[in-house]
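What the coordinates show
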2 protein chains.
Amino acid sequence: MKNPITELFGISYPLIQAGMIWCSGWKLARAVSEAGGLGIIGAGSMYPEVLDEHIRKFKAASDKPFAVNVPLLYPDIDQLMEIIAKHEVPIVFTSAGNPKTWTSFLKERGITVVHVVSNVKFAKKAEAAGVDAIVAEGFEAGGHNGREETTTLCLIPIVREAVDLPLIAAGGIGSGKAMHAAIALGADAVQVGSRFVTSEESSAHLAFKKTVVDAEEGATILTLKELAPVRLIKNGFFKDLQEAYARCASPDELREILGRARAKRGMFEGDLEQGELEIGQVSAGIHEILPAKEIVNEFIQDFKHCQERMAKISASL
Amino acid sequence: MKNPITELFGISYPLIQAGMIWCSGWKLARAVSEAGGLGIIGAGSMYPEVLDEHIRKFKAASDKPFAVNVPLLYPDIDQLMEIIAKHEVPIVFTSAGNPKTWTSFLKERGITVVHVVSNVKFAKKAEAAGVDAIVAEGFEAGGHNGREETTTLCLIPIVREAVDLPLIAAGGIGSGKAMHAAIALGADAVQVGSRFVTSEESSAHLAFKKTVVDAEEGATILTLKELAPVRLIKNGFFKDLQEAYARCASPDELREILGRARAKRGMFEGDLEQGELEIGQVSAGIHEILPAKEIVNEFIQDFKHCQERMAKISASL
């Protein structure tokens, strides 16, 4: 499937696995890249030496393209970037920060740069910063998210209208049908998070994977908007937040309740009640844990069937 | 275009205009129905005698199918239903209430019944109540909305999975591309609100229409979740709500701030600062006021172009 994204990354399918803290190490990235998509090592939950190890392991196990996702607010970002440069990582996805800061450093080293945004304004800023492609992520996505609450269905057409770069849709993409929908809206590719959280190769705790599989509609919510909006499962920790909101707690109190390392506690250590369980709304449509390769294949088959169905529908128009 | 919805309603295109308070009288309904879609008279903002007049005027001006939208919490609903039965209105869309209450009354009179839901649970209840079709409306939609905040992209696949009825997607559908996306996700048709608010035939105040055309991303928000969640434009009235939220106001205080007739004041009388301006997120992608017929034609052309583009993309897969 040739399009601006498959050609930019040198991959077979316009399907990119999201960089997700505590879920996306080299094993998941390798499985996705080997299946024809783009695998991403999520550096957000890794110490520099851990990232170094994951990149080395990926490269020893696969010669396919891959990427590293770097949240730009990461405290030791200089070290991460040096490791990325040292290993000649082909593609870097940056998020949660100003794309101006690191884009030229990466581009000068021949690295393809993609920046994640949740609105048109930042899409334009990323384009001005010289990135090669943009991920536009809608309100339904798991984890950290934008303040405008624009859904993928509304976001993709206006970002497509505003920038000329290759465009990747994220948020709510759980099947080949949704991939078809996102490309119809103007995206060149999709980025898939929640589905890969529940892949066999994901490093998420099995209890968290099972929680995602069992999640029904309305199980997640975008909360902590006073700090940084994040979509998570409504568990015991969220109930504590709700009580705080009910008494009109200040942002400082919310920060104290949140504390540190809650995401690790929930997603990696499997504390389902007091951990932070970041996942997208699309979890309501996820029903099983599968190998990443099967997820990729299912997306592509589903996409093709969808196209055949749409061709029939259109023929009668 | 033959599919379960076009056949159920006897229309040419699977494109339905939403029933919108203060916007959708007989003129808009007629324009949409005459253009090959399904026009709807929105009874929510009409006294019974006003609805009677609008139905009579529609029938005098057009012999195309049309519908009336009835919010089931309407105080004089018995009178509305008698008027609908008297005029042999072919199709009724019910919303905001229990579909059990009126479905059999309508079905016994040969009227096709469609119920609007925002989650899977109510979709199943509507199916059990014997309705003929379902509208599933996502978080991005304008006006009153569901508590789960499920976006159209996530909602349509899970409703499609849960019920066998003809399915209409609503929320965020502003173009033929979005129509294509919604049908790819499993819908049989789309319901379009915001685009028709800005049609020439809409009875919205011109100042409100212009506000919608000028609205940028992030201009709307889903608020008043403690009463009934509603998506509206962030204007002076919303700022008052924000101040109330900041002081942890009770639902009663919020109700007092809301007061009565704010929607009329905003959308019909054009008070842009203190009125309630209900509109969807897709307003960010709406750039002009057009005749409803042109909106319908644009949707269908855009849908066809989208299909041609998708066929090329898929051919390379």
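Residues numbered from 1 in each chain as written. Chains lettered and ligands numbered in written order. Predicted model: local features only at pLDDT ≥ 70, side-chain atom pairs only at ≥ 80, totals over all residues.

**Examining the overall build of chain A**
When its secondary structure is counted, chain A shows 14 helices and eleven strands. Computed over its C-alpha atoms, the radius of gyration of chain A comes to 19 Å, within 12% of the 20 Å expected for a compact globule of 317 residues. When the backbone C-alpha atoms are referred to their principal axes, chain A occupies close to 55 × 50 × 35 Å. When each of the 317 residues of chain A is scored for burial, the buried share is 58%. (Helix = DSSP H or I, 4+ residues; strand = E, 2+ residues; numbered from the N terminus. Rg over C-alpha atoms; globule rule 2.2 N^0.38 Å. Buried ≥ 20, exposed ≤ 12 C-beta atoms within 10 Å, placed from the backbone.)

**Thoughts on the interface of chain A and chain B**
Listed per partner, the contact involves 43 residues of chain A and 43 residues of chain B. For the side of chain A that touches chain B, a count of residues per class yields 21 nonpolar, 16 polar and six charged. (Contact = placed C-beta atoms within 7 Å. Nonpolar A, V, L, I, M, F, W, Y, C, P; charged D, E, K, R; others polar.)

**Observations regarding the sheet that holds strand E11 (residues 230–233) of chain B**
All names here are of chain B. Spatially, the three strands line up as an open sheet ordered E7-E11-E10, and their pairing is antiparallel. Unpaired on one side and paired on the other, strand E7 (143–144) and strand E10 (220–223) mark the two borders of the sheet. Here two bridges tie E7 to E11, and the two strands are oriented antiparallel to one another. Pairing of Gly-143 across the sheet is with Arg-231, part of E11. (Pairing = 2+ DSSP bridges.)

**Structural notes on the pairing of strand E5 (residues 112–117) of chain B**
Residues and elements named next belong to chain B. With respect to burial, E5 is a largely interior element, five of its six residues being buried. The pairing of strand E4 (residues 91–95) with E5 spans four bridges and is classified as parallel. Residue pairing across strands places Val-92 opposite Val-113, the latter belonging to E5. Where the polypeptide runs from E4 across helix H5 (residues 100–108) and back to E5, its parallel neighbour, the crossover connection is right-handed. Handedness of the crossover is the feature at issue here: the chain leaves E5, passes through helix H6 (residues 120–128), returns alongside strand E6 (residues 133–137), and the resulting connection is right-handed. (Right-handed = clockwise from strand over helix to strand, strands pointing away.)

**So, the pairing of E10(B)**
Residues and elements named next belong to chain B. Only one face of E10 is buried: it carries Thr-220 and Leu-222, and the other face, with Ile-221 and Thr-223, is open. Alignment of E10 against E11, held across four bridges, turns out to be antiparallel. Bridge pairing links Thr-220 to Ile-233 in E11. Count of turn residues in the E10/E11 antiparallel hairpin: six residues, of which Leu-224 carries a positive phi of about 55 degrees.

**Points about the packing of helix H8 (residues 176–184) of chain B against helix H14 (residues 292–315) of chain B**
Residue and element names in this part refer to chain B. Axis separation between H8 and H14 bottoms out at 7 Å; the angle between their running directions is 60 degrees. One way to sum up the angle between H8 and H14 is to call them oblique. As H8 runs across H14, the sense of the crossing is right-handed. For the pair H8 and H14, the contacting residues are Gly-176, Lys-177, Met-179 and His-180 in the first and Glu-298, Phe-299, Ile-300, Gln-301, Asp-302, Phe-303, Cys-306 and Gln-307 in the second. Split by residue class, the contact of H8 with H14 holds five nonpolar, four polar and three charged. (Axes fitted to C-alpha atoms, helices over the stretch in contact; angles between N-to-C directions. Parallel < 35°, antiparallel > 145°, perpendicular 65-115°, else oblique. Left-handed = near helix turned anticlockwise from the far one by under 90°.)

**Thoughts on the relation of the copies chain A and chain B**
For these two chains of identical sequence, chain A goes onto chain B by a turn of 180 degrees and a shift of 0.0 Å along the axis, with RMSD 0.0 Å. On the angle and the small slide along the axis, the relation comes out as a two-fold axis. Residue Ala181(A), judged by its C-alpha, is the member of chain A lying nearest the rotation axis, at 2.0 Å. Interface residue correspondence from chain A to chain B reaches 100%, placing this contact among same-surface, isologous pairings. (Least-squares fit on C-alpha atoms with pLDDT ≥ 70 in both.)

**Looking at the sheet that holds strand E10 (residues 220–223) of chain A**
With respect to topology, three strands assemble into an open sheet ordered E7-E11-E10 (chain A), the strand pairing being antiparallel. Edge positions in the sheet fall to strand E7 (143–144) and E10 of chain A, since each has one partner strand and no second.

**A short note on the confidence of the model for chain A**
Within chain A, residue pLDDT values average 97, and 100% of them lie at 70 or more. Of the two predicted TM-score estimates for the complex, the pTM is 0.97 and the ipTM is 0.97. (pLDDT = per-residue confidence, 0-100.)

**Remarks on the packing of helix H11 (residues 236–246) of chain B against helix H12 (residues 251–258) of chain B**
All names here are of chain B. For the pair H11 and H12, interaxial distance at closest approach is 10 Å and the crossing angle is 165 degrees. The pairing of H11 with H12 is recorded here as roughly antiparallel in orientation. When you trace H11 past H12, the crossing you get is right-handed. Contact residues: H11 offers Asp-240, Leu-241 and Ala-244, while H12 offers Glu-253, Leu-254 and Ile-257.

**A closer look at the environment of Phe268(A)**
Assignment of secondary structure puts Phe268(A) in helix H13 (residues 262–268). Distance from Phe268(A) to Ser203(A), taken between C-alpha atoms, is 7.2 Å for residues 65 residues apart in sequence.

**Some remarks on the environment of Pro65(A)**
Residue and element names in this part refer to chain A. Checked against the element boundaries, Pro-65 lands in the loop between helix H3 (48–61) and strand E3 (66–71). According to the C-beta neighbour criterion, Pro-65 is partly exposed, with 17 such atoms within 10 Å. With 112 residues separating them in the primary sequence, Pro-65 and Lys-177 have C-alpha atoms 25 Å apart.

**Describing H8(B)**
All names here are of chain B. Counting buried positions over the nine residues of H8 gives nine, a clear majority of the element. Within the sequence span of H8, burial applies to Gly-176, Lys-177, Ala-178, Met-179, His-180, Ala-181, Ala-182, Ile-183 and Ala-184. With its phi angle positive at about 125 degrees, Gly-186 sits one or two positions after the end of H8.

**Overview of the domain arrangement of chain A**
One widely used convention gives an interface's size as the accessible area the parts lose upon coming together. Residue and element names in this part refer to chain A. Domain boundaries assigned for chain A yield domain 1 (4–204 + 287–315) and domain 2 (215–282). One C-alpha centre belongs to domain 1, the other to domain 2, and the line joining them spans 24 Å. With 22 residues of domain 1 at the interface, the matching set in domain 2 holds 14 residues. Elements supplying a minimum of two residues to the side of domain 1 that touches domain 2: E7 and helix H9 (194–197). Classifying every residue of the side of domain 1 that touches domain 2 gives eight nonpolar, eleven polar and three charged. (Domains from an automatic or database assignment.)

**Side note on unusual backbone geometry**
All names here are of chain B. In this structure, Glu-88 is a non-glycine residue whose phi angle is positive, near 50 degrees. Residue position: Glu-88 is located in the loop between helix H4 (77–86) and E4. Judged by the 11 C-beta atoms lying within 10 Å of it, Glu-88 falls in the exposed class. Phi at Leu-224 is positive, roughly 55 degrees, even though this residue is not glycine. Here Leu-224 shows up in the loop between E10 and E11.

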